[in-house]
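# Understanding the architecture of this molecule
Listed here are the chains, written in short residue letters.
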Amino acid sequence: IFVTGTRLASPDNSTGLFAIPSAAPGTSSFVAGLPSVSASQTRTISADDQGNAFVASQLDGGGVRLDRLAAGASAFDAPRLLDPAGGAPISSPLPGGAGAAVIYTVGSSVWVTVQAY
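Per-chain numbering applies: the sequence of each chain, read as written, is numbered from 1 onward. Per-residue local features of the predicted model are confined to residues with pLDDT of at least 70, and side-chain atom pairs are confined, for both listing and counting, to 80 or more; whole-chain, interface and lining totals are unaffected and use all residues. Only hydrogens and water are set aside; all other atoms, that is, all heavy atoms of the structure, feed into the side-chain values.

Let us now look at the overall build of the protein. Along the protein, the regular secondary structure elements total zero helices and ten strands. Taking 117 residues into account, the globule formula puts the C-alpha radius of gyration at 13 Å, and the protein, at 14 Å, falls close to it. Overall size of the protein, expressed as C-alpha extent along the three principal axes, is 45 × 35 × 20 Å. Burial status follows relative accessibility: with a 1.4 Å probe on protein chains alone, a residue under 20% of its type maximum counts as buried, one over 50% as exposed, and anything between as partly exposed. Counting only residues that meet the buried cut, the protein has 37% of its 117 residues in that class. Whether two residues touch is decided by their heavy atoms; if any such pair falls within 4.5 Å, the residues are in contact. Counting only contacts in the protein whose residues sit at least 6 apart along the sequence, the fraction spanning at least 24 positions is 34%. When the 5 basic and 7 acidic side-chain charges of the protein are each reduced to a single mean position, those positions are 4 Å apart. Where helices and strands are cited, they refer to DSSP runs of H or I of at least four residues and of E of at least two residues respectively, numbered from the N terminus. All radius of gyration figures rest on C-alpha atoms, and the globule criterion is 2.2 Å times the number of residues raised to 0.38. By the counting rule applied here, Lys and Arg register as positive and Asp and Glu as negative, while His and the ends of each chain are not counted. Every charge is mapped onto a representative atom, which is NZ of Lys, CZ of Arg, CG of Asp or CD of Glu.

Next up on the list: the nonpolar core. Counting eight residues, the largest nonpolar core is built from Phe 54, Ala 56, Val 64, Leu 66, Leu 82, Ala 100, Val 102 and Tyr 104. Secondary-structure elements contributing two or more residues to this core are β5 (53-58), β6 (64-69) and β9 (99-106). The leading source of residues in this core is β9, at three residues. Setting aside anything within four residues of it in sequence, one finds Val 102 in contact with Ala 56, Val 64, Leu 66, Leu 82, Pro 89, Ile 90, Ser 91, Trp 111, Val 112 and Thr 113. The term nonpolar core refers to a set of buried residues drawn from Ala, Val, Leu, Ile, Met, Phe, Trp, Tyr and Cys, joined through side-chain atoms within 4.5 Å.

This brings us to the sheet that holds β9. Either a parallel or an antiparallel arrangement is found when strands of a sheet pair, and the pairing is made through backbone hydrogen bonds. We treat two strands as partners when DSSP finds at least two bridges between them. Spatial ordering of the open sheet is given by β8-β9-β10, a layout of three strands whose pairing is antiparallel. Only two strands of the sheet have a single neighbouring strand rather than two, namely β8 (87-93) and β10 (109-116). Neighbour-to-neighbour, the strand axes of this sheet turn through a mean angle of 20°, independent of strand direction. Inspection of the sheet shows β8 paired to β9 by five bridges, in the antiparallel sense. Looking across to β9, one finds that Ile 90 is bridged to Ile 103. Structural elements are reduced to axes, namely lines fitted to C-alpha atoms, with helices fitted over the stretch in contact, and the angle between N-to-C directions of any two is expressed from 0 to 180 degrees.

You can see Trp 111 is positioned in strand β10. Residue classification places Trp 111 among the partly exposed positions, given a relative accessible area of 45%. When the C-alpha atoms of Trp 111 and Leu 82 are compared, they prove to be 10 Å apart, with 29 residues separating the residues in sequence. Not counting residues within four places of it along the chain, the set of residues in contact with Trp 111 comprises Val 102, Ile 103, Tyr 104 and Val 106.

Everything listed here is a matter of coordinates, which is why it stays silent on function.
As structure tokens, then:
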């Protein structure tokens, strides 16, 4: 189970992802490395059938960034800036651990990108 959010109050837990093992739901581990985001509904998270997590964030200064935490990893892969002016991202994993599709907006246009890993 993966959980992340936005910074609406202190402390700023938006800079990381909480990984909660299904076999021990009373425990969690924190993986740092996400950008701090302070507006609600500006981040999305999804996971594929292999256990990879994909976090798409609308950056406070504008832009859409995708971060991936590979299954079993303790750190995120290098982040990918998908669009310097985009917003409102939605991530969706591709089957078989192949990557993620991210839908986002730029002004009144809707864009999609497929990111292979």
